[in-house]
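Structural characterization, general
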Amino acid sequence: MNDAIHVRGLTRIGILGTRTVMASRLYGRVSGAEVIPPAGAELDAVHDANVEMAASGFATDGQRAVFDGAVRGLLQEAHVEAILLGGTDLALVYREDTASFPLVNAAAVHVDAIVAATRFSALE
């Protein structure tokens, strides 16, 4: 994760995910960049929308509105440079190639690392 953030030159990123992921700032595993979660009640709203979306397997318009509001707040008020998707289900809402803001998809970063490790192991 640190490499994906460092390569992009990011020093201040917002995070979306479950309450635990946001409050722990991705379990404290990001170094070299400040990780900013949504503030106050918005953190709880993002958590609730994320859990509901994960349980159903799709995002409703209401859930998308919660995520979009949190993204706007993080970009405009917290002045983050990008948004870190800290949960796999958030790919139901945002994609790196179509988002209107810079984002880092933690699930995609992990998949890429797994694929790279598998390729290396297969060559040995």
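Counting of residues starts from 1 at the beginning of each chain's written sequence and follows it residue by residue. It should be noted that, the model being predicted, local features are given only for residues of pLDDT at least 70 and side-chain atom pairs only at 80 or more, the latter also being counted only at that level, while totals for whole chains, interfaces and linings use all residues. With hydrogens and water excluded, all non-hydrogen atoms of the structure serve as input to the side-chain values.

**Comments concerning helix α3 (residues 41–56)**
We count a stretch as a helix when DSSP gives it H or I for four or more residues in a row; a strand needs E for two or more, and each element gets its number in order from the N terminus. Expected span of a helix: the number of residues minus one, times 1.5 Å. Its 16 residues give α3 an end-to-end C-alpha distance of 23 Å, which sits within 8% of 22 Å, the value for a rise of 1.5 Å per residue. Turning to α3, its buried residues number three or more, namely L43, V46, H47, A49, N50 and M53. Here a residue-residue contact requires only that any non-hydrogen atoms of the pair lie within 4.5 Å. Buried residues in α3 make contact with β1 (12–16), α2 (19–23) and α4 (61–76). Just downstream of α3 lies G57, where phi reads positive at about 85°. Relative accessibility decides the category of a residue: with a 1.4 Å probe and only protein chains considered, values under 20% of the type maximum give buried, values over 50% give exposed, and everything between is partly exposed.

**Considerations on the sheet that holds strand β3 (residues 82–85)**
With parallel pairing, the 4 strands of this open sheet are ordered in space as β2-β1-β3-β4. Looking at which strands have only one partner, the edges of the open sheet turn out to be β2 (34–36) and β4 (103–105). The mean angle between the axes of side-by-side strands here comes to 30°, regardless of whether they run parallel or antiparallel. The criterion for strand pairing is that DSSP finds at least two bridges linking the strands in question. Lines fitted to C-alpha atoms define the axes, with helix axes restricted to the stretch in contact, and inter-axis angles between N-to-C directions lie between 0 and 180 degrees.

**Points about the side chain of N50**
Here N50 is to be found in helix α3. On the accessibility criterion, N50 (4% relative accessible area) is buried.

**Quick word on the confidence of the model for the chain**
With 89% of its residues at a pLDDT of 70 or more, the chain shows a mean pLDDT of 89. One confidence number per residue, pLDDT, is output by the predictor and ranges from 0 to 100. Ranking the elements of the chain by mean pLDDT puts helix α5 (residues 106–123) last, at 64, and α4 first, at 98.

**Digging into the environment of D44**
Looking at where D44 falls in the secondary structure, it is placed in helix α3. Judged by its relative accessible area of 34%, D44 falls in the partly exposed class. Sequence-wise, D44 and R19 are 25 residues apart; in three dimensions their C-alpha atoms are separated by 6.7 Å. We call two N or O atoms a polar contact when they sit within 3.5 Å, provided that within protein one can donate a hydrogen and the other can accept it, with sequence-adjacent residues counted only if both atoms are side-chain atoms. Reaching out from D44, the side chain makes a polar contact with the side chain of R19 at a distance of 3.1 Å.

**Focus on unusual backbone geometry**
Unlike most non-glycine residues, R25 shows phi in positive territory, near 55°. Here R25 lies in the loop between α2 and β2. One non-glycine residue, H79, lies in the positive phi region at around 55°. Inspection of the secondary structure puts H79 in the loop between α4 and β3.

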